[in-house]
Amino acid sequence: MKHAHDEMNMPGLQGKDTTENEVDDLKTIFNNHQQIIRKVENISNGVITTTQTQDEQLRAALVSHVVAMVARLEEKRDPKIIIQSPTLDILFAHSDVINTQISMTELGIVVTQTSANQSVVKALQTHAAEVSDMAKRGMEAVHERMSN
Ligand code: HEM
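Notes on the structure in this doc start here. (Residues numbered from 1 in each chain as written. Predicted model: local features only at pLDDT ≥ 70, side-chain atom pairs only at ≥ 80, totals over all residues.)

**Focus: the overall build of the protein chain**
Then, number 1: The helix and strand tally for the protein chain stands at five helices and four strands.
Then, number 2: Ordered by position in the sequence, the α and β elements of the protein chain form the string α-β-β-α-α-β-β-α-α.
Then, number 3: In terms of C-alpha radius of gyration, the protein chain reaches 15 Å, essentially the compact-globule figure of 15 Å for 148 residues.
Then, number 4: Across its three principal axes, the protein chain shows a C-alpha extent of roughly 50 × 35 × 30 Å.
Then, number 5: Looking at the protein chain residue by residue over its 148 residues, the buried ones come to 24%.
Then, number 6: Considering only residue pairs separated by 6 or more positions, the protein chain has 64% of its internal contacts joining residues 24 or more positions apart. (Helix = DSSP H or I, 4+ residues; strand = E, 2+ residues; numbered from the N terminus. Rg over C-alpha atoms; globule rule 2.2 N^0.38 Å. Buried ≥ 20, exposed ≤ 12 C-beta atoms within 10 Å, placed from the backbone. Contact = placed C-beta atoms within 7 Å.)

Printed below as a string of structure tokens:
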């Protein structure tokens, strides 16, 4: 039998301002979250995250998600997705003092985000930990955060 979350309807992924591709990427990511291998390194001025997978389709969705979301961050176009973390509000409010660099690996993507503002550094590190929790536990992590 399939896991209850496989291919389920996920209305919480719709945003006030999201494209179909962005929602599809999130569905692919949540439906296959167990195939994600993620490493986060906190550095004094930010975070270095490595997110990878052997699964080609998942990797394509992941890379597309990161590229689209980092572009949104830089342009302050908050997707306002129902389930999104409040930590994102802090990042969108201060995106002018966040420096983001992306590089590809054979199996995924490395994102380095830094800031000269220590409270923004904290928010970047909190967000990276939230992404790791979602990668590990999928929707369960989201529901737990939203019920607190
Ligand atoms: C299992 C679920 C998810 C995974 C694996 C994932 C993956 C990622 C990754 C790898 C990044 C780059 C920053 C980092 O590595 O920490 C990122 C950034 C971002 N994600 Fe997700 N994400 C997930 C869920 C979501 C959800 C539900 C939203 C809802 C809006 C979202 C919105 C964003 C935004 C706005 C950014 C840009 C913020 C930044 O770069 O600091 N993500 N995501």
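**Description of the pairing of strand E3 (residues 99–104)**
Then, number 1: Judged by how many residues are buried, E3 sits mostly at the surface: zero of six residues are covered.
Then, number 2: Summarising the sheet, E3 and strand E4 (residues 108–114) pair through six bridges and their orientation is antiparallel. In the sheet register, Asn99 faces E4, and the bridge partner there is Thr114. (Pairing = 2+ DSSP bridges.)

**Focus: the packing of helix H1 (residues 20–31) against helix H2 (residues 56–75)**
Then, number 1: One can describe the packing of H1 onto H2 by two numbers: an axis separation of 9 Å at closest approach and a directional angle of 130 degrees. With respect to their mutual orientation, H1 and H2 come out oblique. Every pair of crossing elements has a handedness; the one defined by H1 and H2 is left-handed. Where H1 approaches H2, its residues Asn21, Glu22, Asp25, Leu26, Thr28 and Ile29 are matched on the opposing element by Gln57, Leu58, Ala61, Leu62, Ser64, His65 and Ala68.
Then, number 2: When the residues that make up the contact of H1 with H2 are grouped by side-chain class, the tally is six nonpolar, five polar and two charged. (Axes fitted to C-alpha atoms, helices over the stretch in contact; angles between N-to-C directions. Parallel < 35°, antiparallel > 145°, perpendicular 65-115°, else oblique. Left-handed = near helix turned anticlockwise from the far one by under 90°. Nonpolar A, V, L, I, M, F, W, Y, C, P; charged D, E, K, R; others polar.)

**Topic: the site of the ligand**
Then, number 1: The full set close to the ligand counts 26 residues, and Thr49, Met69, Ile81, Gln84 and Met134 are the nearest of them.
Then, number 2: Contributing elements (two or more residues each) for the shell around the ligand: H1, strand E2 (46–52), H2, helix H3 (87–93), E4 and helix H4 (118–137).
Then, number 3: With six residues, the top contributor of residues to the shell around the ligand is H2.
Then, number 4: Grouping the amino acids of the shell around the ligand by side-chain chemistry returns 18 nonpolar, seven polar and one charged. (Near = placed C-beta within 6 Å.)

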